[in-house]
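Chain and residue survey
These are the residues of each chain, in order.
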Amino acid sequence: MVLTLPALLVGLLAMPLSPQESETPAGSFKSASRPIFDYRAEGVGDLVPDFGFVDALGASGKLSELFGDSALVLAVRDVGCPVSKRYAPRLAGLERLYGDLGVSFAYIDCSPQDSPTDILASAEKQGLQGRQLVDPEGEIGRLLGLRTTTEVLVIDGARTLRYRGAVDDQYGIGFTRDAAENDWLAAALEAVLTSGQPAVSATSAAGCLLDLGSPHDALAVPEAPTWHGAISRVLQ
């Protein structure tokens, strides 16, 4: 579920603000997406479980069925979140651009107040073509450690998490830049498509906070590399 306004403000107050993103004279709060340098702590490089899901049309499936020829972008969406709405056209444009290069896009809504009908209507309005996963109980969200309604995951063909974080840094809570200064998702896709490592592998994702409870440890960093967990996928 999406946190209530008081809880949302508590979460925002806990986030450090840069000098350029201080409080406005009116006293509103701002929150921007920023790089996370300890990307391994975010599960980047780990095997993503082949979880099952149900989409907004009522059809079931597994994560492995969503992949294109090269990679998958799994983007969190929310029908009512203003920041999520702002990023919908950007995601639709990236979906068209990278779909021609073998990248699939899918979307997941973890908010119980969003009905399948509303999710499908919002996707059609915004031009989002990928499957719309519904997760009203937050099971998948907890499995993946999702935090906000604007987070995106880039997963390669070996089901390795290669990037997680924001689409870019144009929009946030309480502010809008004229243009993005960092196109993190596009840069991550370019790196994955050329068998490279994204320069930035993890960022925070400014958006409405999700209240999903404690995350599972499926993407926790293993104590030591294992054949299935890391080595075999590096050699593919």
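Structure: see above.
Keep in mind that this is a model prediction, so the values were computed, not measured. (Residues numbered from 1 in each chain as written. Predicted model: local features only at pLDDT ≥ 70, side-chain atom pairs only at ≥ 80, totals over all residues. Heavy atoms only, no water.)

**Things to note about the packing of aromatic side chains**
Aromatic rings considered in pairs are described by the distance between their centres and by the relative angle of their planes. Going through the model one piece at a time under the given rule, you end up with one aromatic pair. Taking 5.1 Å as the distance between ring centres and 75° as the angle between the ring planes, the aromatic pair formed by tyrosine 87 and tyrosine 171 counts as edge-to-face. Taken together, the residues span a long stretch of sequence, with tyrosine 87 in helix 2 (residues 82-99) and tyrosine 171 in the loop between strand 7 (161-165) and helix 5 (184-193) at a distance of 84 residues. For tyrosine 87, a relative accessible area of 4% gives the class buried. Judged by its relative accessible area of 13%, tyrosine 171 falls in the buried class. (Phe/Tyr/Trp six-rings, centres within 6.5 Å; stacked < 30°, edge-to-face > 60°. Helix = DSSP H or I, 4+ residues; strand = E, 2+ residues; numbered from the N terminus. Buried < 20%, exposed > 50% of the residue type's maximum accessible area, 1.4 Å probe, protein only.)

**Comments concerning the nonpolar core**
Ranked by internal contacts, the top residues of the largest apolar core, which has 30 residues, are Val73, Leu91, Phe105, Val152, Val154, Leu185 and Leu189. Not counting residues up to four positions away in its chain, the partners in contact with leucine 185 are Val73, Leu91, Leu94, Val152, Val154, Tyr163, Ala166 and Val167. One finds Phe53, Leu72, Cys110 and Ile140 within the second-largest nonpolar core, a separate group that totals 24 residues. (Core = buried A, V, L, I, M, F, W, Y, C linked by side-chain atoms within 4.5 Å. Contact = heavy atoms within 4.5 Å.)

**A closer look at the packing of helix 2 against helix 5**
Packing of helix 2 against helix 5 brings their axes to within 11 Å, and their N-to-C directions diverge by 20°. On the basis of their axis angle, the class for helix 2 and helix 5 is roughly parallel. In this structure, helix 2 meets helix 5 at a crossing whose hand is right-handed. Residue-level contacts link Leu91, Leu94 and Tyr98 of helix 2 to Leu185, Ala186, Leu189, Glu190 and Leu193 of helix 5. Per-class residue counts for the contact of helix 2 with helix 5 are seven nonpolar, no polar and one charged. (Axes fitted to C-alpha atoms, helices over the stretch in contact; angles between N-to-C directions. Parallel < 35°, antiparallel > 145°, perpendicular 65-115°, else oblique. Left-handed = near helix turned anticlockwise from the far one by under 90°. Nonpolar A, V, L, I, M, F, W, Y, C, P; charged D, E, K, R; others polar.)

**Some points on helix 5**
In terms of residue burial, helix 5 counts as a mostly covered element, since seven of its 10 residues are buried. Contacts made by the buried residues of helix 5 are with strand 3 (71-76), helix 2, strand 4 (103-109), strand 6 (152-156) and strand 7. Just downstream of helix 5, serine 195 is the residue with a positive phi angle, here 60°.

**Considerations on the environment of glycine 43**
As for its position among the elements, glycine 43 is in the loop between helix 1 (5-13) and strand 1 (52-55). Remark: the alpha-carbon pair of glycine 43 and leucine 161, spanning 118 residues in sequence, is separated by 7.0 Å.

**Describing the sheet that holds strand 1**
Sheet architecture is open: seven strands sit in the order 2-1-5-4-3-6-7, paired in mixed fashion. Bordering the open sheet on either side are strand 2 (60-62) and strand 7, each of which pairs with just one other strand. In this sheet, neighbouring strand axes are inclined to one another by 30° on average, regardless of whether the strands run parallel or antiparallel. Bridging between strand 3 and strand 6 involves five bridges; their strand directions are antiparallel. In the strand pairing of strand 6, leucine 74 is matched with leucine 153. (Pairing = 2+ DSSP bridges.)

**Brief notes about helix 2**
In this model helix 2 runs 26 Å from its N-terminal to its C-terminal C-alpha over 18 residues, within 8% of the 26 Å that 1.5 Å per residue would give. By the burial criterion, the buried members of helix 2 are Val83, Ser84, Tyr87, Ala88, Leu91, Ala92, Leu94, Glu95 and Tyr98. Where helix 2 is buried, its residues touch strand 3, strand 4, helix 3 (116-126), strand 6 and helix 5. (Expected span 1.5 Å × (residues − 1).)

**A short note on the state of the cysteines**
Using the criterion set out here, one finds one disulfide in the structure. With a sulfur-sulfur separation of 2.3 Å, cysteine 81 is cross-linked through a disulfide to cysteine 208. Residues cysteine 81 and cysteine 208 are joined through a disulfide that is right-handed, its torsion about the S-S bond being 90°. Of the two residues, cysteine 81 sits in the loop between strand 3 and helix 2 while cysteine 208 sits in the loop between helix 5 and helix 6 (227-234), which places them 127 residues apart along the sequence. On the basis of relative accessibility, which here comes to 9%, the residue cysteine 208 falls in the buried class. (Disulfide = S-S within 2.5 Å.)

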